[in-house]
Structures are given as C-alpha cells and as structure tokens.
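These are the residues of each chain, in order.
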Amino acid sequence: MAAVVVWMKVVNAPDEKTADPAPTVVTQAPPTHTVTSVVADPETDAAGRLRDQATADAADFRGALADRWAAQISAKRPGLYADGRTWDNQTILAEFESSRSRYPQVRLLDSSEWPVFSESGWWVTVSAQGFASADDALAWCRGNGLDKDHCFAKLISSSRGPEGSTLYQK
C-alpha cells in the first residue's frame, strides 16, 4: 500500500496575483519487513539443554570432584515409565531444574560419558558435594528425606567401572 500526500498552497492576497494552485504529490513506499518464524520443537530443545547442562557439569567431576561419592537422586531417559508417567526430555529437564532449585549442588550427568554407569543413555541427577565416602552420601539422602528408591550413593569417576561404584540405602 502506497501513501499519497497531496499538498496545495493557495494564496489570495489583494496585492498579489492569484495563481492556479499547483498540487504537489509525494509518494512514499511502504516499509518492507521480513518476518522470520522459527518453530522450535520443545522436545529437541529440551534434549539440547540437557546435553549442554551435562557437558557443563561434567567439568566439576573431571576436576575437584573426580573419584568422589555423590548422592544420586534421579536417573531418567526418554521413554522410561516411572513415578506414574512416561518420561521425555522435557519432563526430565523440568525435574532436573526443580531438583536444582531445591538442592543447589545438584549436577547433571550423561551416563554415556561415565564408565561407572552400566548403561548409556540416562540423564543422571546427583548432588555433588564431593562426599568422602558412600556412607556420607547416604547420610545426605536420609537427611533430606529421600528414600532408597530416590537416593543412593554413587562414585563418580572417569577411570573406574561400575563394579563397587553404587551403595544403596537399607
């Protein structure tokens, strides 16, 4: 749509000549806008955010927390049916974020990256205080009211295997 402005000046003064008014036409082109819409798949977005979080958090366990015990409070993968629902990346991310707000020391691991886990493809949430022993991690579980189905001790190591890396609450 073009906008047209017409401006006319008419002067009628007694001592001036009367002239035919000449119209002035100004045409303005409409502004052009490019609208880009990106439709993001929430499931793909959540998977990317989980990967990014696990990559960032892995640095802690490759550094100061290497070969230390942690309290594992969750392990989920897409398609798992547990706690009355089927989990996907969005619900796993939401659970992780909720845990992190409740327990600020919580970190996320990708079980595929750590030989202490016997299966790959799990998003594992751990409380990363760097406990000296499995018993210390289990005491943290009990102290936070987490039962044996929702918290146990896990050794996080990039050089050890799964054997002897897990201790459950009794």
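For clarity, every value in this text was computed on a predicted model and none was experimentally measured.

About the cut-offs
- Numbers given to residues run from 1 along each chain, matching the order in which its sequence is written.
- Totals for whole chains, interfaces and linings use all residues, but because this is a predicted model, local features are given only for residues with pLDDT of at least 70 and pairs of side-chain atoms are given and counted only at 80 or more.
- Excluded from the side-chain calculation are hydrogens and water; included are all heavy atoms of the structure.
- Two cysteine sulfur atoms make up a disulfide if the distance between them is within 2.5 Å.
- Note on conventions: DSSP H or I runs of at least 4 residues are helices, E runs of at least 2 residues are strands, and numbering of each starts at the N terminus.
- Between buried and exposed lies partly exposed: a residue is buried under 20% and exposed over 50% of the maximum accessible area for its type, with that area taken using a 1.4 Å probe on protein chains only.
- Strands pair, by our definition, only if DSSP identifies at least two bridges between them.
- Classification of ring pairs uses Phe, Tyr and Trp, with its six-membered ring standing for Trp, and accepts pairs whose centres are within 6.5 Å; under 30 degrees between planes counts as stacked, over 60 as edge-to-face, and the remaining range as tilted.
- Only when the NZ of Lys or the CZ of Arg is both within 6 Å of the ring centre and within 35 degrees of the ring normal is a charge said to sit over the ring.
- Note on contacts: a residue pair qualifies if any of its non-hydrogen atoms lie within 4.5 Å across the two residues.
- Relevant arc is that of directions from the helix axis to the C-beta atoms, nothing else.
- Nonpolar cores are built from buried Ala, Val, Leu, Ile, Met, Phe, Trp, Tyr and Cys residues. Side-chain atoms within 4.5 Å join them into one set.

Observations regarding the state of the cysteines
Step number 1: Scanning the entire structure with this criterion turns up one disulfide.
Step number 2: Paired through a disulfide, Cys141 and Cys151 show a sulfur-sulfur distance of 1.9 Å. Since a negative S-S torsion denotes a left-handed disulfide, the Cys141-Cys151 link at about -65° is left-handed. Of this pair, Cys141 sits in helix α3 (residues 134–143) while Cys151 sits in the loop between α3 and β8 (152–156), and the two are 10 residues apart along the sequence.
Step number 3: We classify Cys151 as buried; its relative accessible area is 0%.

Some points on the pairing of strand β3 (residues 68–76)
Step number 1: Of all nine residues in β3, seven are buried, a share of seventy percent or more.
Step number 2: Two elements, β3 and strand β7 (residues 123–131), share six bridges in a ladder whose sense is antiparallel. Across the sheet, residue Ser74 finds its bridge partner in β7, namely Thr125.

Observations concerning the packing of aromatic side chains
Step number 1: With the rule as written, the count across this model stands at three aromatic pairs.
Step number 2: Note on Phe61 and Trp114: the rings are 6.3 Å apart at their centroids and 80° apart in plane angle, and the pair reads as edge-to-face. On the criterion of sequence distance, the pair formed by Phe61 in helix α1 (residues 42–62) and Trp114 in the loop between β6 (106–110) and β7 is long-range, its members being 53 residues apart.
Step number 3: Judged by relative accessible area, which is 2%, Phe61 ranks as buried.
Step number 4: Taking the centre distance of 5.2 Å and the plane angle of 65° together, the rings of Tyr103 and Trp140 count as edge-to-face. Taken together, the residues Tyr103 in the loop between α2 (89–102) and β6 and Trp140 in helix α3 connect sequence positions 37 residues apart. When sorted by exposure, Tyr103 lands in the same class as Trp140, which is buried.
Step number 5: One Lys or Arg, Arg62, reaches over the ring of Trp114 and ends 4.3 Å from the middle of that ring.
Step number 6: Over the face of the ring belonging to Trp87 we find Arg85, whose NZ or CZ atom lies 4.3 Å from the ring centre.

Things to note about the environment of Leu167
Step number 1: Checked against the element boundaries, Leu167 lands in strand β9 (residues 166–167).
Step number 2: For Leu167 and Lys154, which are 13 residues apart along the polypeptide, the C-alpha to C-alpha distance reads 6.6 Å.
Step number 3: The residues contacting Leu167, other than those within four sequence positions of it, are Trp69, Ala134, Asp135, Leu138, Phe152 and Ala153.

Some thoughts on the environment of Trp69
Step number 1: Inspection of the secondary structure puts Trp69 in strand β3.
Step number 2: Sequence separation of Trp69 and Gly130 is 61 residues, and the distance between their C-alpha atoms is 5.7 Å.

Looking at α3
Step number 1: Buried within α3 we find Ala134, Ala137, Leu138, Trp140 and Cys141. Buried positions in α3, seen along its axis, are confined to an arc of 150° and lie on one side of it. Opposite the packed face of α3, turned more than 90 degrees from it, sit the exposed residues Asp135, Arg142 and Gly143.
Step number 2: Backbone geometry just after α3 places Gly145 at a positive phi near 70°.

A short note on the nonpolar core
Step number 1: Ranked by internal contacts, the top residues of the largest apolar core, which has 24 residues, are Trp69, Ile73, Trp140 and Cys151.
Step number 2: A total of five residues in this core trace back to one element, the largest contributor, which is α3.
Step number 3: Beyond its immediate sequence surroundings of up to four residues, Trp140 is in contact with Ala71, Ile73, Tyr103, Ser127, Gln129, Phe131, Leu146 and Cys151.
Step number 4: The next biggest cluster of nonpolar side chains, apart from the first, holds 13 residues, and it includes Ala58, Phe61, Trp114 and Val116.

None of the figures reported here should be taken as evidence of function without further support.
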